[in-house]
Structures are given as structure tokens and as C-alpha cells.
Amino acid sequence: AQKVTQAQTEISVVEKEDVTLDCVYETRDTTYYLFWYKQPPSGELVFLIRRNSFDEQNEISGRYSWNFQKSTSSFNFTITASQVVDSAVYFCALRGETSGSRLTFGEGTQLTVNP
Amino acid sequence: GAGVSQSPSNKVTEKGKDVELRCDPISGHTALYWYRQSLGQGLEFLIYFQGNSAPDKSGLPSDRFSAERTGGSVSTLTIQRTQQEDSAVYLCASSPQAGGPTDTQYFGPGTRLTVL
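Counting starts from 1 at the beginning of each chain's written sequence and moves along it residue by residue. Note on labels: chains are lettered from A, ligands numbered from 1, in written order. Reporting of local features is limited, given that this is a predicted model, to residues whose pLDDT is at least 70; pairs of side-chain atoms are given and counted only at 80 or more, and all residues count toward the totals for whole chains, interfaces and linings. For the side-chain quantities, the full set of heavy atoms in the structure was used; hydrogens and water were omitted.

Q: Which residues make up the state of the cysteines, and what are the values?
A: By definition, disulfides here are pairs of cysteine sulfur atoms that lie within 2.5 Å. Applying the stated criterion to the full structure yields two disulfides over all chains. Each sulfur of the disulfide joining Cys23(A) and Cys92(A) lies 2.0 Å from the other. Its S-S torsion of about -65° marks the bond between Cys23(A) and Cys92(A) as left-handed, since a negative value means left-handed. Placement of Cys23(A) in the loop between strand S3 (19-21) and strand S4 (24-26) and of Cys92(A) in strand S10 (residues 88-96) is noted, with a sequence separation of 69 residues between them. Residue Cys23(A) shares its accessibility class with Cys92(A), and that shared class is buried. Paired through a disulfide, Cys23(B) and Cys92(B) show a sulfur-sulfur distance of 1.8 Å. Taking the sign of the S-S torsion, -65° for the link of Cys23(B) and Cys92(B), the bridge is left-handed. Helix and strand labels come from DSSP, where a helix needs a run of H or I of at least four residues and a strand needs a run of E of at least two; each type is numbered from the N terminus. Throughout this description, buried means an accessible area under 20% of the type-specific maximum (1.4 Å probe, protein chains only), exposed means over 50%, and partly exposed covers the range between.

As C-alpha cells, this is what we get:
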């Protein structure tokens, strides 16, 4: 069985603050893939990043960075100097190699960035 | 290029009616997925198609739900005898190839289904 937990249901910050969204996962697969998606108020899920289980290198893309730690089964997402346009629901997802191609999603974290 | 498109964007129907939801995947993508997003259940996998292989239907919640994919491209999700609990946003996604390290799913805007 696979599970993704996003313990933070809602986070509210003021513009320019840094914010970290937590994601903890469970899987018995040795090969798996982790994803983050953004869902703005328009509703469309926007792909942000994919991480393979055999690559623990952290990644930075502009103001976004991701910290993958297999030892704690976590794949956290940090937004630096947040902006109002970052307001959205963010989903962490997992695909295990033995679970076919289905994604297992966390419950999502609603991020609100206030001006 | 064009992303995944879905139609209609909104659908209101009466309990007991059948509905069809359509998905056009990204051109060249061989894998197509359907998910459902509802308040109580979050994002749930329903079904996926990979090329000409038999679809994985393991996520369909009941036999009222079915899907087909014609010509390896467009897909239709059909819900028969709709119930109020079917009200949700139905999301379609496609990827270049199901499984493996390059399988990334790109989502469409969804169809919001309301069953009265």
C-alpha cells in the first residue's frame, strides 16, 4: 500500500516570507517517483517536479527548491520570497513501480500568500 | 503545444441520467488517465490506458463507471444512472509513456460534474 501525508492543511504567510510545505510518504517499492503539483484557483493541476527514488540530489528552480530525504521518507517543498501568485493548493504525489502508473496524492496544502 | 483538453468544463445533470465526459490528450502521448477530485475523498485514481494494452480499471468505484479510448487518442468517461455522490471534478491526464522514469502526468482543466 502507498500513502502520502501532507500534514499541513492550510498555511498563511505574508509576501516575501519563505514557506516550506511538508510531504511524507510510505511505500514498499524500492523504485518510486515523487511529484509536486500546483492547483491554482483556476483548478488545473500544474506539474512542478518529478523526483526518482534513486536520485536524492536536491533541486532548485528559481524561488522553488525541493529537499528529498529517503531516511525520513520526506520530500519537502520550499518557496523562497513568496509572492501572491504562489497562492494555490499544492499536492505531493507518489508513484511506486509496482502500483502501475497510478498516482497516489496527498490531501493537499492550501497556501495563501497575503500582500 | 496544446495541453490536455476536456469537455464540457461544467456539467449539471439530474440523478439517474447518464453523462459522458471527454478528454483529448497531448498529441503523441500514449498513456491517458482519469482521476476524480471531491471534497471528501481528495484526488482518486479511476482508470488508465496505455497504448493498445488492456486498461487498468482498478480505481473505478462501481460498474456504473466505464471508459473507452478510441484510436489511441480521445477518451470518454461514462457514468450511468448518476448519483449525487458522483458530484466531483473529473480530471484527465496524459503522459508520454506509462511507467518508468520519464512518466510524468500532465493534467487537463477538469470537468465539474454536479448531480442534482
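Q: How would you sum up the nonpolar core? Please name residues and give values.
A: Residue and element names in this part refer to chain A. What we call a nonpolar core is a set of buried Ala, Val, Leu, Ile, Met, Phe, Trp, Tyr and Cys residues that are connected through their side-chain atoms within 4.5 Å. Membership of the largest hydrophobic core comes to 23 residues, with the highest contact counts inside it found for Trp36, Phe77, Tyr90 and Leu111. If you tally residues by element for this core, the top one is S10, at four residues. Excluding residues that lie within four positions of it along the chain, Leu111 makes contacts with Ile11, Val13, Val19, Ile79, Asp86, Ser87, Ala88 and Tyr90. Contacts: residue pairs with any heavy atoms within 4.5 Å of one another.

Q: If you had to explain the sheet that holds strand S3 (residues 19-24) of chain B to someone new, which residues and values would you point to?
A: All names here are of chain B. A pair of strands is treated as paired once DSSP finds two or more bridges between them. Within the open sheet, the four strands sit side by side as S1-S3-S7-S6. Their pairing is antiparallel. Each end of this open sheet is capped by a strand with a single partner; those strands are strand S1 (5-7) and strand S6 (65-69). Adjacent strand axes in the sheet meet at a mean angle of 15° when their direction is disregarded. A fitted line through C-alpha atoms represents every axis, and for helices the fit uses only the stretch in contact; the resulting angles, taken between N-to-C directions, go from 0 to 180 degrees.

Q: Mind laying out the environment of Ile60(A), listing which residues take part and the relevant values?
A: Residues and elements named next belong to chain A. Assignment of secondary structure puts Ile60 in strand S7 (residues 59-61). Classification of Ile60 as exposed rests on a relative accessible area of 68%. Placed 17 residues apart in sequence, Ile60 and Phe77 show a C-alpha to C-alpha distance of 9.9 Å.

Nothing here speaks to function; it is all geometry.
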